[in-house]
Amino acid sequence: ISGTGITITVNTAGTAAADGGGAVVSTLTDAGALSITTNNGTNDSTGNITRTATSALSGASGISLTTGTGTIGTGTGANAISLASGQTGVAATTHGGTGSIFLDGAGALGLGAISSNGANINVNAAGTVTVNGNMAAGAGTATITTTASGNIDGGGTISTSNNGTA
């Protein structure tokens, strides 16, 4: 799917706590800002954001991923949300301390605010990872890995109260 201003909303403000659905995404290319949410008004709906086997997300002016208590991706590697090479402005938020965040960049990757509210954050990229926003895992771990010849840089902060890697 391609277009401008693509927004996928699975749950609404009225979705009950511990209820709700998830989003399984394929390749989405947005000429503007891409937004995917499975959150409700009280940040406690279930519903993961996952992907098909061959997919990549791209948004020219950024990507926003938000869940209630669900995860963003379900693990590392092929289970992480795949982001196009050179993607910038990636923001991801989960609530409730149970929704981990798994992101995988096909090349260089620019991060905005990433918050798991106590769950784990795992970011992998095949190039430089630039942390422009704050990355907060609370009691979870925050891990950034680059492959190939990538670096980790930027003006954001990475925080975790756990003994994880940052």
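Just above, that's the structure.
Being a predicted model, the structure only gives us computed values, none of them experimental.

J.: How do you make sense of the overall build of the protein when you look at a structure like this?
T.: Within the protein, the regular secondary structure consists of 0 helices and 18 strands. For 166 residues, the compact-globule estimate of 2.2 N^0.38 gives 15 Å, and the protein sits close to it at 15 Å. Across its three principal axes, the protein shows a C-alpha extent of roughly 45 × 40 × 25 Å. Long-range contacts, defined as pairs at least 24 residues apart, comprise 45% of the intrachain contacts of the protein with a sequence gap of at least 6. Total accessible area on the protein is roughly 6700 Å²; 51% of this is exposed by carbon and sulfur atoms.

J.: Help me understand the side chain of T94 in this model?
T.: For T94, the position within the fold is in the loop between β10 (87-93) and β11 (101-105). Assessed through its relative accessible area of 0%, T94 is described here as buried. Within the structure, T94 has its side chain in polar contact with the backbone oxygen of G99 (distance 2.4 Å). If we ignore the near neighbours within four places in the chain, the residues touching T94 are T67, G68, G70, I72, G99, S100, I101, S115, S116 and N117.

J.: Even after reading the chapter, I still don't get the environment of N117, so can you show me in this structure?
T.: As for its placement among the helices and strands, N117 is situated in the loop between β12 (109-115) and β13 (121-125). When its relative accessible area of 41% is taken as the criterion, N117 is described as partly exposed. With 13 residues separating them along the chain, N117 and T130 place their C-alpha atoms 21 Å apart. Non-local contacts of N117, meaning those with residues more than four positions away in its chain, are made with T93, T94, H95, G96, G97 and A136. Within the structure, N117 has its side chain in polar contact with the backbone oxygen of T94 (distance 2.5 Å).

J.: What is the right way to read the nonpolar core from this model?
T.: Most often, soluble globular proteins have nonpolar side chains that are buried together. Grouped together as the largest cluster of nonpolar side chains are 29 residues, with contacts concentrated most on I36, L57, L65, L103, L111 and V123. Ignoring any residue separated from it by four or fewer positions in sequence, one finds L65 in contact with I36, I49, L57, I72, I81, A91, A92, T93 and L103.

J.: Mind showing me how you'd approach the side chain of T67 here?
T.: Considering the arrangement of structural elements, one finds T67 in the loop between β8 (63-66) and β9 (81-83). Its relative accessible area of 0% is what places T67 among the buried residues. From its side chain, T67 meets the backbone oxygen of G70 in a polar contact 2.6 Å long.

J.: How should the environment of G133 be read in this particular structure?
T.: Position of G133 relative to the elements: it lies in the loop between β14 (129-131) and β15 (135-136). As for G133 and G155, which are separated by 22 residues in sequence, their C-alpha atoms are 7.3 Å apart. Beyond its immediate stretch of four places on either side in the chain, G133 contacts L111, G112, A113, G156 and T157.

J.: Looking at this structure, I do not really get the environment of S159. What am I missing?
T.: Position of S159 relative to the elements: it lies in strand β18 (residues 158-159). Taking the relative accessible area as the measure of exposure, S159 reaches 34% and is therefore partly exposed. For the pair S159 and N117, spaced 42 residues apart in sequence, the C-alpha separation works out to 11 Å. If we ignore the near neighbours within four places in the chain, the residues touching S159 are M135, A136, A137 and G138.

J.: Mind showing me how you'd approach the pairing of β12 here?
T.: For a regular strand, side-chain orientation follows a simple rule: the groups alternate between the two sheet faces. Most of β12 is tucked away, with 5 of its 7 residues classed as buried. By the bridge criterion, 4 bridges tie β10 to β12 in an arrangement that is parallel. Across the sheet, the residue bridging to Q87 is L109, located in β12. Of the pairings in the sheet, the one linking β12 to β14 comprises 3 bridges and is parallel in character. Bridge pairing in β14 links L109 to V129. One ladder, built from 2 bridges, connects β12 with β15; its direction is parallel. For S115, the partnering residue across the bridge sits in β15 and is A136.

Rules and cut-offs
Residues numbered from 1 in each chain as written. Predicted model: local features only at pLDDT ≥ 70, side-chain atom pairs only at ≥ 80, totals over all residues. Heavy atoms only, no water. Helix = DSSP H or I, 4+ residues; strand = E, 2+ residues; numbered from the N terminus. Rg over C-alpha atoms; globule rule 2.2 N^0.38 Å. Contact = heavy atoms within 4.5 Å. Areas by Shrake-Rupley, 256 points an atom, 1.4 Å probe, with all protein chains shown as cover. Buried < 20%, exposed > 50% of the residue type's maximum accessible area, 1.4 Å probe, protein only. Polar contact = N/O pair within 3.5 Å; in protein donor to acceptor, adjacent residues only side chain to side chain. Core = buried A, V, L, I, M, F, W, Y, C linked by side-chain atoms within 4.5 Å. Pairing = 2+ DSSP bridges.

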